[in-house]
Amino acid sequence: MWDPQRKRLVWSSEERPATFVAGERITVQPGTCVQWTLVWAVRAAGSPIRVGTYEFRWTAGTGMSTATGTADRQTQPVKVAAR
């Protein structure tokens, strides 16, 4: 989770270990996709994330033409709101 106003990383998946085994591989058949869910309590390092708009950036660690993860980076705007 990137804060574009302050130009800093707010949260990383390193704070919540992945449920995937390191080196695990899956095969995705043509015409299908893979989905997974991450439930997150909008906290980083134990503290609540400030209200605001952030960028959620991710990669699956692979690409269509390279296994370096550089070909599939995604960015999605995310709004954190107070309850």
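Parameters at a glance
Residues numbered from 1 in each chain as written. Predicted model: local features only at pLDDT ≥ 70, side-chain atom pairs only at ≥ 80, totals over all residues. Heavy atoms only, no water. Helix = DSSP H or I, 4+ residues; strand = E, 2+ residues; numbered from the N terminus. Contact = heavy atoms within 4.5 Å. Areas by Shrake-Rupley, 256 points an atom, 1.4 Å probe, with all protein chains shown as cover. Buried < 20%, exposed > 50% of the residue type's maximum accessible area, 1.4 Å probe, protein only. Core = buried A, V, L, I, M, F, W, Y, C linked by side-chain atoms within 4.5 Å.

Caption draft 1: A look at the overall build of the protein chain. Of the regular secondary structure elements, the protein chain holds zero helices and six strands. In the protein chain, the order of α-helices and β-strands from amino to carboxyl end is β-β-β-β-β-β. For the protein chain, long-range pairs separated by at least 24 residues make up 46% of all intrachain contacts whose partners lie at least 6 apart in sequence. Approximately 7,200 Å² of the protein chain is accessible, and the part contributed by carbon and sulfur atoms is 53%.

Caption draft 2: Local environment of unusual backbone geometry. Phi is positive for Lys7, close to 50°, though the residue is something other than glycine. On the accessibility criterion, Lys7 (63% relative accessible area) is exposed.

Caption draft 3: Structural detail: the side chain of Asp3. Secondary-structure assignment places Asp3 in strand S1 (residues 2-3). For Asp3, a relative accessible area of 2% corresponds to the buried category. For Asp3, the contacting residues outside a window of four places in its chain are Arg8, Val10 and Tyr54.

Caption draft 4: Structural view of the nonpolar core. The biggest cluster of nonpolar side chains holds seven residues, and these are Met1, Val10, Trp11, Ala44, Ile49, Tyr54 and Val80. What Val80 contacts, discounting residues up to four positions off in sequence, is Val42, Ile49, Arg50, Val51, Gly52 and Tyr54.

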